[in-house]
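What the coordinates show
This is what each chain is made of:
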Amino acid sequence: MKQLVQNARTGEVDIEELPDPALRVGGVLVQTAVSVVSAGTERSMLAFAGKSLIGKALERPDLARQVWDKLRNEGLSATYSAVASRLDAPIPLGYSSAGTVIAAGGNAGGLRVGDRIACAGAGYAVHAELAYVPRNLCVRIPTRPDGTPVPFDEAAFAALGAVALQGVRLVQPTLGERVVVLGLGAIGQLAVQLLRAHGCGVLALDQDSGRVALAGELGAEVALVAGKELPLAEIMAFTRGRGADAVVIAAATDSNEPVELAGEISRRKGRVVVVGSVRMDVPRRNFYERELTLTVS
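How each quantity is defined
- Residues numbered from 1 in each chain as written.
- Predicted model: local features only at pLDDT ≥ 70, side-chain atom pairs only at ≥ 80, totals over all residues.
- Heavy atoms only, no water.
- Helix = DSSP H or I, 4+ residues; strand = E, 2+ residues; numbered from the N terminus.
- Buried < 20%, exposed > 50% of the residue type's maximum accessible area, 1.4 Å probe, protein only.
- Axes fitted to C-alpha atoms, helices over the stretch in contact; angles between N-to-C directions.
- Parallel < 35°, antiparallel > 145°, perpendicular 65-115°, else oblique.
- Left-handed = near helix turned anticlockwise from the far one by under 90°.
- Contact = heavy atoms within 4.5 Å.
- Nonpolar A, V, L, I, M, F, W, Y, C, P; charged D, E, K, R; others polar.
- Pairing = 2+ DSSP bridges.
- Salt bridge = Lys/Arg side-chain N within 4 Å of Asp/Glu carboxyl O.
- Patch = residues over 30% accessible without salt bridge, like charges linked within 9 Å, V, L, I, M, F, W, Y side chains within 5 Å.
- Areas by Shrake-Rupley, 256 points an atom, 1.4 Å probe, with all protein chains shown as cover.
- Lys, Arg positive; Asp, Glu negative; His and termini not counted.
- Charge placed at Lys NZ, Arg CZ, Asp CG, Glu CD.
- Right-handed = clockwise from strand over helix to strand, strands pointing away.
- Core = buried A, V, L, I, M, F, W, Y, C linked by side-chain atoms within 4.5 Å.
- Expected span 1.5 Å × (residues − 1).

1. Here's the deal with the overall build of the protein
The helix and strand tally for the protein stands at 11 helices and 14 strands. Across the 297 residues that make up the protein, the buried fraction comes to 39%.

Structure below.
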């Protein structure tokens with residue numbers, strides 16, 4: 001089968017011919033119809049893989065510590081072999097897709113060959129012709145109220161919708177609260193709509209004017225373009241001078257600016273939920289003085 005994979009050593013991405021995945025008892029084999037590119041997540045993976053070994057170590061000190069521990073316990077030769085093997089293994093990309101079941105394991109929870117399903121999960125709902133997906137990471141695609149089927153290209157967004165929904169759940173929004181969404185990719189746009197459905201006023205912020213315009217069309221009460229000068233006055237006016245009740249960070253960046261900005265614009269005892277992939281060097285002063293809650297979704 002053909003699959004989109006990334007070389008962990010060089011960061012290069014290519015379509016390779018790989019063996020078909022094996023069917024396991026607790027899941028299904030899926031003929032992929034559509035897979036979704038989550039631009040922020042996959043761009044950050046590409047950027048990480050393209051770094052030097054030193055750059056990788058600086059960005060992922062947890063992995064560097066694992067290498068150091070292995071070096072102390074097992075020696076240079078075993079450590080070198082393990083690292084080289086890890087870097088040479090192709091990395092599957094993608095985590096949200098839809099397709100048709102072509103084989104079902106014995107504990108597939110009632111899924112059958114021919115079922116149309118939406119799939120989720122890194123390492124499972126990948127950009128590939130075929131995929132093995134555990135039962136708890138897939139769901140039958142429903143029909144619309146008029147009896148027509150939901151198309152694959154819509155159902156494939158189920159995982160992204162779940163990511164946005166979980167972020168909003170962690171916000172614990174209540175009617176009338178003022179929430180700021182930082183980052184308006186697919187996840188951020190979904191979060192805007194879900195927060196509006198909860199009865200919240202939403203201010204949406206992004207560097208891309210097209211995304212900002214779309215957020216306004218989708219229900220953001222205020223939609224602003226983030227330039228070199230952050231629109232702090234507009235944000236404080238939106239929150240009636242108190243600061244945001246909650247901030248959802250849906251950006252994808254190596255910068256610490258989203259977390260710093262969230263601390264600046266939050267009210268006392270506000271909530272900050274990080275859904276995207278951002279640096280999280282938490283600035284103690286604002287978070288401490290305002291007793292902010294930081295949650296990673």
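2. Considerations on the packing of helix α6 (residues 158-171) against helix α7 (residues 186-197)
The N-to-C vectors of α6 and α7 enclose an angle of 55°; their axes lie 9 Å apart at closest approach. Between α6 and α7, the interaxial angle falls into the category oblique. In the crossing of α6 with α7, the sense of the turn from one axis to the other is right-handed. For the pair formed by α6 and α7, the contact residues are Leu160, Gly161, Val163, Ala164, Leu165 and Val168 on the first element and Ala186, Ile187, Leu190, Ala191, Leu194 and Leu195 on the second. Broken down by class, the residue content of the contact of α6 with α7 amounts to 11 nonpolar, 1 polar and no charged.

3. Here's the deal with the sheet that holds strand β7 (residues 130-134)
Strand order in the open sheet formed by 5 strands is β7-β3-β5-β6-β8, and the pairing between neighbours is antiparallel. If you trace the sheet from one side to the other, it starts and ends with β7 and β8 (138-140), each paired once. Along the sheet, successive strands turn relative to each other by an average axial angle of 45°, direction set aside. One ladder, built from 7 bridges, connects strand β3 (residues 27-35) with strand β5 (residues 96-104); its direction is antiparallel. When the sheet's bridge partners are listed, threonine 32 is paired in β5 with glycine 99.

4. A look at the pattern of salt bridges
Scanning the entire structure with this criterion turns up 11 salt bridges. A salt bridge links lysine 2 to glutamate 17, with the shortest nitrogen-to-oxygen separation between them at 3.7 Å. Taken together, the residues span a long stretch of sequence, with lysine 2 in strand β1 (residues 2-7) and glutamate 17 in strand β2 (residues 13-17) at a distance of 15 residues. Here glutamate 154 makes a salt bridge to arginine 144, at a shortest N to O gap of 3.0 Å. Pair noted here: glutamate 154 is in helix α5 (residues 152-155) and arginine 144 is in the loop between β8 and α5, with a separation of 10 residues, a long-range link. By relative accessible area, arginine 144 is classed as partly exposed at 31%.

5. Side note on a negative patch on the surface
A surface patch of negative charge is lined by Glu257, Glu260, Glu264 and Asp281. Residue position: glutamate 260 is located in helix α10 (residues 257-265). The exposure class assigned to glutamate 260 is partly exposed, which follows from its relative accessible area of 36%.

6. Let's talk about the pairing of strand β11 (residues 222-225)
Each regular strand displays side chains that alternate between the two surfaces of the sheet. The pairing of strand β10 (residues 201-206) with β11 spans 4 bridges and is classified as parallel. Each residue of the ladder has a partner; that of leucine 205, found in β11, is leucine 224. Note that the unit made of β10, helix α8 (residues 209-217) and β11 has a crossover that is right-handed.

7. Section: the sheet that holds strand β4 (residues 90-92)
Strand order in the open sheet formed by 3 strands is β2-β1-β4, with antiparallel pairing between adjacent strands. Taken across any chain shown, the strands that pair with only one partner, and hence form the sheet edges, are β2 and β4. Going across the sheet, the axis of each strand differs from the next one's by a mean of 50°, ignoring polarity. Inspection of the sheet shows β1 paired to β2 by 5 bridges, in the antiparallel sense. The residue bridging glutamine 3 from the neighbouring strand is glutamate 16, located in β2.

8. Structural notes on the nonpolar core
Formed by 31 residues in total, the largest nonpolar core has its most connected members in Val181, Leu184, Ile187, Val192, Leu195 and Val248. Of all the secondary structure elements, the ones that give two or more residues to this core are α6, β9 (178-182), α7, β10, α8 and β12 (244-249). If you tally residues by element for this core, the top one is α6, at 5 residues. Residues within four places of leucine 195 in sequence aside, it is in contact with Val168, Pro173, Val179, Val181, Cys200, Val202 and Val248. Leu203, Val247, Ala262 and Phe287 belong to the second largest nonpolar core, which has 21 residues in total.

9. A closer look at α7
Look at α7: 17 Å from first C-alpha to last across 12 residues, which is about the 16 Å you get at 1.5 Å a residue. Turning to α7, its buried residues are Ile187, Gly188, Gln189, Ala191, Val192 and Leu195. Next to the buried residues of α7 lie α6, β9, β10, α8 and β12. Positive backbone phi, approximately 85°, marks glycine 199, located one or two places after α7.

10. Examining unusual backbone geometry
Here glutamine 172, not a glycine, exhibits a phi torsion of approximately 55°, which is positive. Its identity as a non-glycine residue notwithstanding, arginine 240 has a phi of 60°, on the positive side. If you trace the backbone, arginine 240 turns up in the loop between α9 (232-238) and β12. Residue arginine 240 is classed as exposed on the basis of its relative accessible area, which comes to 61%.

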